[in-house]
Amino acid sequence: SGVVPSYLLKGTLRNLDLQGNLLGGQLPLSWFASASSLMTVNLSQNRFDGGLPSTLGALSKLVTFIASGCGLSGTLPSELGNTRLEILELDNNEFVGTVPSSYSRLPLFQFSIESNMISGDVSSSICAIPTLEFATADCRIQCPCCSQCF
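What follows deals with the sheet that holds strand β10 (residues 117-118). The three strands lie next to each other as β6-β8-β10, forming an open sheet whose pairing is parallel. Each end of this open sheet is capped by a strand with a single partner; those strands are β6 (73-75) and β10. Two strands pair when backbone bridges link them, and β6 and strand β8 (residues 94-97) are joined in this way by three bridges, in the parallel orientation. Bridge pairing in β8 links Ser 73 to Glu 94.

Printed below as a string of structure tokens:
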């Protein structure tokens, strides 16, 4: 538990793994505003409040974003569609709304959104991503490309 100093996230930091540290509160916008070199972020198993900041969409080098079981809520930010994400794991949170259509522009390999409060369907354009090999979602939403539903 505690606070991550924002100065650690400046400059050339490429990988940020804070999994299982019992961090809480909202994700600070400053974490991602000056971390333009980030390629991998793992925030899983923490106790965050609120949603994902739209500033994540400015991380043009981001290829892996994992935030499973963090207590995050709100809608999924469409700005993530501006990244180069190959792995996006947002399962076991409290996200609502639909999966943004901008995610169909991602070169996703793995996509996990189960155990949220997502509504609607995973669009066929996301399922048409040629690199997508593994997708999971809740059984109550339509996801023709999901290999598992929960």
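The next point concerns the state of the cysteines. Inspection of the entire model under this criterion finds two disulfides. With its sulfur 2.3 Å from that of its partner, Cys 127 forms a disulfide with Cys 145. The sign of the -65° torsion about the S-S bond sets the Cys 127-Cys 145 disulfide as left-handed. Within this pair, whereas Cys 127 is found in helix α2 (residues 124-127), its partner Cys 145 is found in the loop between β11 (134-137) and β12 (148-149), the two being separated by 18 residues in sequence. Overall, the relative accessible area of 25% leaves Cys 145 in the partly exposed class.

If you look at soluble globular proteins, the nonpolar side chains tend to sit buried side by side. The biggest cluster of nonpolar side chains holds 41 residues, and the ones touching the most others in it are Leu 43, Leu 52, Phe 65, Leu 88, Val 99, Tyr 103 and Phe 111. Going through the elements one at a time, α1 (29-33) and β11 are the ones with two or more residues in this core. Discounting residues that sit within four places of it in the chain, Val 99 has contacts with Leu 76, Phe 111, Ile 113, Ile 118, Val 122 and Ile 126.

Let us look at the pattern of salt bridges. Evaluated as defined, the whole model comprises one salt bridge. Salt-bridge contacts for Asp 138 lead to Arg 140; the nearest nitrogen and oxygen are separated by 2.9 Å. Since its relative accessible area comes to 6%, Asp 138 is described here as buried.

Tracing the backbone through its elements, the reader meets Glu 89 in strand β7 (residues 87-89). Placed 22 residues apart in sequence, Glu 89 and Ala 67 show a C-alpha to C-alpha distance of 6.1 Å. Apart from the residues lying within four places of it in its own chain, the contact partners of Glu 89 are Phe 65, Ile 66, Ala 67, Ser 68, Gln 110 and Ser 112. Here the side chain of Glu 89 touches Gln 110 through a polar contact of 2.3 Å, side chain to side chain.

What counts and what doesn't
Residues numbered from 1 in each chain as written. Predicted model: local features only at pLDDT ≥ 70, side-chain atom pairs only at ≥ 80, totals over all residues. Heavy atoms only, no water. Pairing = 2+ DSSP bridges. Helix = DSSP H or I, 4+ residues; strand = E, 2+ residues; numbered from the N terminus. Disulfide = S-S within 2.5 Å. Buried < 20%, exposed > 50% of the residue type's maximum accessible area, 1.4 Å probe, protein only. Core = buried A, V, L, I, M, F, W, Y, C linked by side-chain atoms within 4.5 Å. Contact = heavy atoms within 4.5 Å. Salt bridge = Lys/Arg side-chain N within 4 Å of Asp/Glu carboxyl O. Polar contact = N/O pair within 3.5 Å; in protein donor to acceptor, adjacent residues only side chain to side chain.

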